[in-house]
Amino acid sequence: MEQEHEGAFALWLVPGGEPRARLRALIEALARETGGPAFAPHLTLLGGLRGDGGALAAKLRRLGGARGPVALAARGPATGSAYHQCVFLDVAPAAPLLALRRAAEAAFGAPEAPPRPFRPHVSLVYGDLPAERRAALAADPRVLALARGTWSAERLELWSVGGETDRWRCVDAIALEPP
């Protein structure tokens with residue numbers, strides 16, 4: 001993984017295997033169609049992290065000890081007005097996911113930005129699209145085909161997320177292996 005120094009970071013929960021490949025293909029196709037950026041499929045477990053990449057990576061490694069994969073159950077497509085929540089799949093806030101979020105908050109401390117309520121989701125489109133276009137994308141059969149799936153999140157990844165999306169980089173990662 002890349003070494004990063006001071007900057008903006010996020011902790012991502014990443015699905016594995018075939019679901020990750022299907023999500024990646026859909027995100028890339030929708031990016032081409034909308035003119036928006038492509039990005040790796042993920043659920044942001046904790047955003048707004050600041051500091052030294054090496055120190056944050058050490059916290060990630062301590063957090064991951066003896067934690068198994070986490071099920072991510074999509075509850076359908078949704079849209080939002082925020083750039084990074086333009087079109088996304090809502091994810092059920094199941095107890096294991098919420099427990100991992102609390103453990104991440106304890107391990108990493110409070111983000112510098114004021115906390116927003118945790119709304120677990122997997123973004124499909126980043127952008128500032130009109131409401132009608134967002135609604136049409138959320139109703140797209142390719143989106144609906146993934147809108148009720150359940151995936152196993154098998155990795156926690158620490159990402160440097162400063163600047164434009166094409167500059168984002170995975171700094172460190174750990175597998176979430178069964179205990």
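Conventions and cut-offs
Every residue gets a number counted from 1 within its own chain, in the order that chain's sequence is written. The model is predicted, so local features are restricted to residues of pLDDT at least 70 and side-chain atom pairs to those at 80 or more, both for listing and for counting; the totals for chains, interfaces and linings are taken over all residues. Excluding hydrogens and water, the side-chain values take into account all heavy atoms of the structure. Helix and strand assignments follow DSSP, with helices taken as H or I runs no shorter than four residues and strands as E runs no shorter than two, numbered in order from the N terminus. Our radius of gyration is a C-alpha quantity, and the globule rule it is checked against amounts to 2.2 Å times the number of residues to the power 0.38. Accessible surface area values rest on a Shrake-Rupley calculation with a 1.4 Å probe, where residue burial reflects the displayed protein chains alone. His residues and chain termini do not enter the charge count, which takes Lys and Arg as positive and Asp and Glu as negative. Here the site of a charge means atom NZ of a Lys, CZ of an Arg, CG of an Asp or CD of a Glu. In this description, contact between two residues means that some pair of their heavy atoms is separated by no more than 4.5 Å. Residue burial is assigned from relative accessible area. The probe radius is 1.4 Å, only protein chains are included, and a residue is buried under 20% of its type maximum, exposed over 50%, and partly exposed in between. Note on pairing: DSSP must find at least two bridges between two strands before they are called paired. Basic side-chain nitrogens of Lys or Arg form a salt bridge, by our definition, when they fall within 4 Å of a carboxyl oxygen of Asp or Glu.

K.L.:
So what about the overall build of the chain? Which residues, and what values?
P.N.:
For the chain, the count of helices and strands is five helices and seven strands. Element order for the chain, N to C, with α for helix and β for strand: β-α-β-α-β-β-α-β-α-α-β-β. Expected size for 179 residues packed as a compact globule is a radius of gyration near 16 Å; at 16 Å, the chain falls within 12% of this value. By principal-axis analysis of the C-alpha atoms, the chain measures approximately 40 × 35 × 30 Å. Put simply, the chain shows about 8,700 Å² of open surface, and 53% of that area lies on carbon and sulfur atoms. Positive and negative side-chain charges in the chain, numbering 21 and 19 respectively, have mean positions lying 5 Å apart.

K.L.:
Tell me about the environment of L72, and please be specific about residues and values.
P.N.:
Here L72 shows up in strand β3 (residues 70-79). The sequence separation of L72 and V87 amounts to 15 residues, and the corresponding C-alpha distance is 17 Å. Not counting residues within four places of it along the chain, the set of residues in contact with L72 comprises L13, L43, V91, L97, G149, T150, W151 and A153.

K.L.:
So what's going on with the pairing of strand β5 (residues 121-125)? Which residues, and what values?
P.N.:
Two faces make up the sheet, and in a regular strand the side chains alternate between them. Summarising burial for β5: five of the five residues are buried, a large majority. In this structure, strand β4 (residues 87-91) lies alongside β5, joined through four bridges in antiparallel fashion. Note that in β5 the partner of L89 across the bridge is V122.

K.L.:
Break down the pattern of salt bridges for me, citing the residues and quoting the values.
P.N.:
Following the criterion strictly, the structure yields eight salt bridges and no others. For the salt bridge of E18 with R22, the shortest nitrogen-to-oxygen distance reads 3.6 Å. Of this pair, E18 and R22 both sit in helix α1 (residues 17-34), four residues apart, roughly one helical turn. Residues joined by salt bridges that share partners form a network here, namely E33, D140 and R142.

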